[in-house]
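Summary of the model geometry
Given next are the chains, with one letter for each unit.
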Amino acid sequence: MAADIPYRRDITFEYGRLEQIAPGLRRIVARNPGPFTFRGTGTYVVGDGKVAVIDPGPDLPDHIDAVLASLSGETVTHILVTHTHRDHSPAAAAVKAATGAPTYGFGPHMGGRRGEAGAEEGGDWDFAPDITVHDGDWIEGDGWRFEAVHTPGHTSNHLCFALPDPGILFSGDHVMGWSTSVIAPPDGNMADYMASLDKLLPRRDALYWPTHGPAITEPQRHVRAFIAHRREREAGVLDCLRAGIGRVDAMVARLYVGLDPSLRRAAGRSVLAHLVDLIERDIVASDGAATVEAQYRLRHVRPSA
Ligand SMILES: [Zn+2]
């Protein structure tokens with residue numbers, strides 16, 4: 001049975017407008033819609049007067065101008081970055097230059113090399129946080145206090161930011177309402193992603209605001225559905241291997257029926273992420289390096305239940 005993911009895609013906004021979406025919380029959406037960004041990057045502003053900006057967004061002059069103009073009568077005291085994909089962190093440099101606010105993040109982009117085809121969103125190799133944030137660190141401002149939650153998987157440096165008082169989690173690209181997350185090796189890691197989903201389950205956050213798309217109002221149900229979905233996908237990959245299907249493109253053809261062709265490459269990276277995880281668990285072997293081109297097989301033939 002297919003995991004029932006309670007997708008949420010209803011979102012109302014106007015591009016380039018900083019809009020109030022909850023008490024003490026505003027959002028401005030960048031005009032960078034696409035198959036991996038949904039309607040665009042949502043840049044969040046927390047507080048009033050002295051504010052934190054979360055995920056300044058892509059290097060789009062219209063977006064940067066709109067963010068700065070909207071906040072011209074206020075003071076930006078913190079720039080928080082969930083992770084270093086090009087739709088999240090590049091605008092941090094311009095916002096910092098204009099406001100003097102320091103940037104906060106887990107660290108620079110990691111995994112792979114500059115210019116290498118990796119995650120579909122592309123790495124921002126230029127971002128380095130002024131202040132390195134670790135799991136469990138607290139970031140305090142005027143009237144708000146964030147807890148940093150390290151959630152590697154989508155990228156190794158992914159952070160979520162929690163506001164425990166209203167029970168909000170800014171979930172970045174780790175948990176989104178409109179789509180599953182892209183887990184693309186080498187920086188994306190399926191085992192880390194699954195552990196980072198498990199990490200959210202005992203938390204008490206009542207509402208998630210992902211960087212793309214609307215809020216998630218039943219986060220526990222959502223996270224559990226994503227865990228179930230990946231377990232199903234892993235079972236599908238193992239079924240392929242048992243059926244003698246050992247190449248990523250053939251697995252994608254079998255597992256992703258009716259897939260939008262623009263998502264085929266991302267689906268291949270997701271299957272690869274499962275295969276890398278299965279290799280690390282000694283369940284699968286590859287001929288040569290574990291790439292999308294390699295041939296895969298089961299390491300041990302297990303008796304069927
Ligand atoms: Zn991303």
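Sequence order as written defines residue numbering, which begins from 1 separately in each chain. This being a predicted model, a pLDDT of at least 70 is required before a residue's local features are given, and a value of 80 or more before pairs of side-chain atoms are given or counted; all residues contribute to the totals for chains, interfaces and linings. Excluding hydrogens and water, the side-chain values take into account all heavy atoms of the structure.

Our focus in this paragraph is the side chain of Asn32. Following the sequence through the fold, Asn32 ends up in the loop between β2 (25–29) and β3 (42–46). Residue classification places Asn32 among the buried positions, given a relative accessible area of 14%. Whether two residues are in contact is decided by their heavy atoms: any pair within 4.5 Å suffices. Look past the residues within four positions of Asn32 in its chain and what remains in contact with it is Thr37, Gly40, Thr41, Pro58, Leu60 and Asp87. Counting from the N terminus, the helices are the DSSP runs of H or I reaching at least four residues and the strands are the DSSP runs of E reaching at least two. Remark: exposure states derive from per-residue accessible area (1.4 Å probe, protein chains only) relative to the maximum for the residue type, with buried under 20%, exposed over 50%, and partly exposed in between.

Next up on the list: the pattern of salt bridges. Salt bridge, as used here, is a side-chain nitrogen of Lys or Arg placed within 4 Å of a carboxyl oxygen of Asp or Glu. This model, assessed by the stated rule, comprises 14 salt bridges. Put simply, Arg17 and Glu19 hold a salt bridge, and the shortest N to O gap is 3.7 Å. Under the relative-accessibility criterion, Arg17 is labelled partly exposed at 44%. Classification of Glu19 as buried rests on a relative accessible area of 16%. Close ionic contact of Arg281 with Asp277 constitutes a salt bridge, the shortest N to O distance being 2.9 Å. A single network of salt bridges, built from pairs that share partners, joins Arg26, Asp48 and Glu74.

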